[in-house]
Amino acid sequence: MNAAGALAAALLGAAGPAPVDKVGFDEAVRRALARNPGAVVAAEEVRRAEGILGEARSGSLPFLGVTGTLTWLDSNRVAQGRVIAGESQANATGLVAVPLLAPSRWALWAHASQGLDAAAANEADVRRSVAVTTARAYLTVIAQRRAVDVSLSARDAAKAHHDYAQARRKGGVGNALDELRAEQELAASEVQLQAVQIGLARGREALGQLVGADGPLDAAEEPGLPELPGQAEAMVVAESARADVKAAQARAYVAERVWKDSWTDWLPTLTGTFQPFVQDPPSLQFPASGWQAQLILSFPLFEGGLRPAQGKQREALFGEARAQLDGIVRQARSDVRTAYEALDRSRSALQSARRGSESARSALGLAAEAYRAGAVDNLAVTDAEQRARLADLSAVIAEDSVRQSVLDLLAAAGRFP
């Protein structure tokens, strides 16, 4: 097939769309939380934080180890007739080290534990974002499917008008101008239908991607969202219990503790060790068996300004985390106020859009009757068809705006997911 033929096949392909699986709202959100890459990565970050906690904790716990060596010399080492080092030697040494005083290590352990809590809070925030994004995609699919329905209805009405104008002309009653006007309106309706079908296909693909499916998914039902909270309650929850606010609070708390615990870097570390050993054959330095115990005190006095520099860095990180927390809290309050305002206005717009749609449909019916009675030409009909089509789409957009506003309010108030 040449290039022109391929283009024509793409433009005029007659193959219908493949069937699309449907998924319920709750199931879509559940699958997204289980399969979406963002949610999976956040869960793995929690596991990584658990590993970091284990690493930090290990420095504060006892250490137990064993070392064995086999040594071969070219000959015995002899001094004054005594063998001081045998030609073949075997040595085994054990070591038990217990941190008796290690404030800096204990602080690292505590910080790692707090970091694990922060990672868990961040996972909850990511899951919230994934759930909200999936819910938006689900509602978009519903709106696009509704737009397809009204566009199909408009196309069918325009086709009926075109067929009637064509029949009138063939019967010698109508004229070419009426037929061309009807044909133009039919073409416009078909263009609109194809556009909203493209939007529906893209919405289904987006939903499938969010849910972790290998193909597009369709919305199976109108979602049943939780009851809307009062504005005062929503504001309180948004300021304290919303997932993104709690995650920011956890990050700020960890940064504060790391900074305020910098004083532990200036304290000494005391470690107790116990080393049993066996030596075969015994030598002048090592008997056949024995042990030694030590107390090791480590107290760095000067390290080129490392600890003051670390303290300054930690203080700056805490300042950043605190500023981010303040910003997120302000954003949460703004989200609640905006969501209530948007919901009120979108509900008002929906009522107006529905009245406009009903009026436009009534006007279309009257224009069609007048045209059939010969009282007007079909310019009035095509104009009424255009207005009805636009009014129906406006109603669809207004319906989606209300759904999205409800979702925004629930998300802003911490009631979804």
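Residues numbered from 1 in each chain as written. Predicted model: local features only at pLDDT ≥ 70, side-chain atom pairs only at ≥ 80, totals over all residues. Heavy atoms only, no water.

### With respect to the pairing of strand S2 (residues 63-72)
Where burial is concerned, little of S2 is hidden: 1 out of the 10 residues are buried. Judged from the 10 bridges that link them, S2 and strand S5 (residues 88-101) form a sheet pairing that is antiparallel. For Thr67, the partnering residue across the bridge sits in S5 and is Thr93. (Buried < 20%, exposed > 50% of the residue type's maximum accessible area, 1.4 Å probe, protein only. Helix = DSSP H or I, 4+ residues; strand = E, 2+ residues; numbered from the N terminus. Pairing = 2+ DSSP bridges.)

### Quick notes on the packing of aromatic side chains
Considering all chains together, one arrives at 5 aromatic pairs under this definition. Look at Trp259 and Phe318: their rings are 5.6 Å apart centre to centre, the planes differ by 15 degrees, and that puts the pair in the stacked class. Taken together, the residues span a long stretch of sequence, with Trp259 in helix H7 (residues 243-260) and Phe318 in helix H8 (residues 306-372) at a distance of 59 residues. For Phe318, a relative accessible area of 16% gives the class buried. (Phe/Tyr/Trp six-rings, centres within 6.5 Å; stacked < 30°, edge-to-face > 60°.)

### A word on the environment of Gln192
For Gln192, the position within the fold is in helix H5 (residues 176-211). Sequence separation between Gln192 and Glu87 is 105 residues; the distance between their C-alpha atoms is 96 Å. Ignoring sequence-local partners within four residues, the contact set of Gln192 consists of Ser151, Arg389 and Leu393. At 3.0 Å, the side chain of Gln192 and the side chain of Ser151 are in polar contact. (Contact = heavy atoms within 4.5 Å. Polar contact = N/O pair within 3.5 Å; in protein donor to acceptor, adjacent residues only side chain to side chain.)

### Here's the deal with the pattern of salt bridges
Here the structure, examined in full by the defined rule, presents 28 salt bridges. Its salt-bridge partner being Glu185, residue Arg389 comes within 3.1 Å of it at the nearest N-O pair. Taken as a pair, Arg389 in helix H9 (residues 378-412) and Glu185 in helix H5 lie far apart in primary sequence, 204 residues in all. With respect to burial, Arg389 and Glu185 carry one shared label: buried. Between Glu303 and Arg307 there is a salt bridge, and its shortest N-O distance comes to 2.3 Å. In the salt-bridge network here, residues are joined through shared partners; they are Arg146, Glu222, Arg354, Glu399 and Arg403. (Salt bridge = Lys/Arg side-chain N within 4 Å of Asp/Glu carboxyl O.)

### Section: the confidence of the model for the protein
Residues with a pLDDT of 70 or more make up 96% of the protein, whose mean pLDDT is 90. Mean pLDDT across the elements of the protein ranges from a minimum in helix H1 (residues 3-12), with 47, to a maximum in H7, with 96. Per-residue pLDDT stays below 50 along residues 1-16; that stretch engages in 3 contacts with residues further than four places along the chain or on separate chains. (pLDDT = per-residue confidence, 0-100.)

### Topic: the sheet that holds S5
In spatial order, the strands read S2-S5-S7-S8; together these 4 strands make up an open sheet with antiparallel pairing. Lying at the two open borders of the sheet, with one neighbouring strand each, are S2 and strand S8 (289-298). The sheet shows a mean angle of 20 degrees between the axes of neighbouring strands, direction not considered. Sitting on the sheet, helix H4 (residues 103-170) is in contact with S5 and strand S7 (269-280), with an inclination near 75 degrees to S5. (Axes fitted to C-alpha atoms, helices over the stretch in contact; angles between N-to-C directions.)

### Overview of unusual backbone geometry
Each neighbour pair has its own omega, and for Asp280 with Pro281 the value is -5 degrees, a cis peptide bond. Structurally, the position occupied by Pro281 is in the loop between S7 and S8. Here the bond from Phe416 into Pro417 is cis, since omega is 0 degrees, no more than 30 degrees from zero. With respect to the element layout, Pro417 can be found in the segment after H9.

### Let's talk about the pairing of S7
In this sheet, S7 lies alongside S5 in antiparallel orientation, the contact comprising 9 bridges. Along S7, the bridge assignment pairs Val96 with Phe274. Relative to S8, S7 is paired through 10 bridges, and the arrangement is antiparallel. Bridge pairing in S8 links Val278 to Ser289.

### What to know about the packing of H7 against H8
H8 packs onto H7 with a crossing angle of 160 degrees between their chain directions and a minimal axis gap of 8 Å. In terms of orientation, H7 lies roughly antiparallel with respect to H8. Both H7 and H8 take part in a crossing whose hand is left-handed. Contacts from Asp244, Val245, Ala248, Gln249, Arg251, Ala252, Ala255, Glu256, Val258 and Trp259 in H7 reach Gly311, Arg314, Glu315, Leu317, Phe318, Ala321, Arg322, Leu325, Ile328, Val329 and Ala332 in H8. Counted by class, the contact of H7 with H8 contains 13 nonpolar, 2 polar and 6 charged residues. (Parallel < 35°, antiparallel > 145°, perpendicular 65-115°, else oblique. Left-handed = near helix turned anticlockwise from the far one by under 90°. Nonpolar A, V, L, I, M, F, W, Y, C, P; charged D, E, K, R; others polar.)

### Some remarks on the environment of Arg48
Its location among the elements puts Arg48 in helix H3 (residues 37-58). The class of Arg48 is partly exposed, set by a relative accessible area of 49%. Separated by 354 residues in the primary sequence, Arg48 and Val402 have C-alpha atoms spaced 41 Å apart. Among the polar contacts listed, one links the side chain of Arg48 to the side chain of Glu45, at a separation of 3.1 Å.

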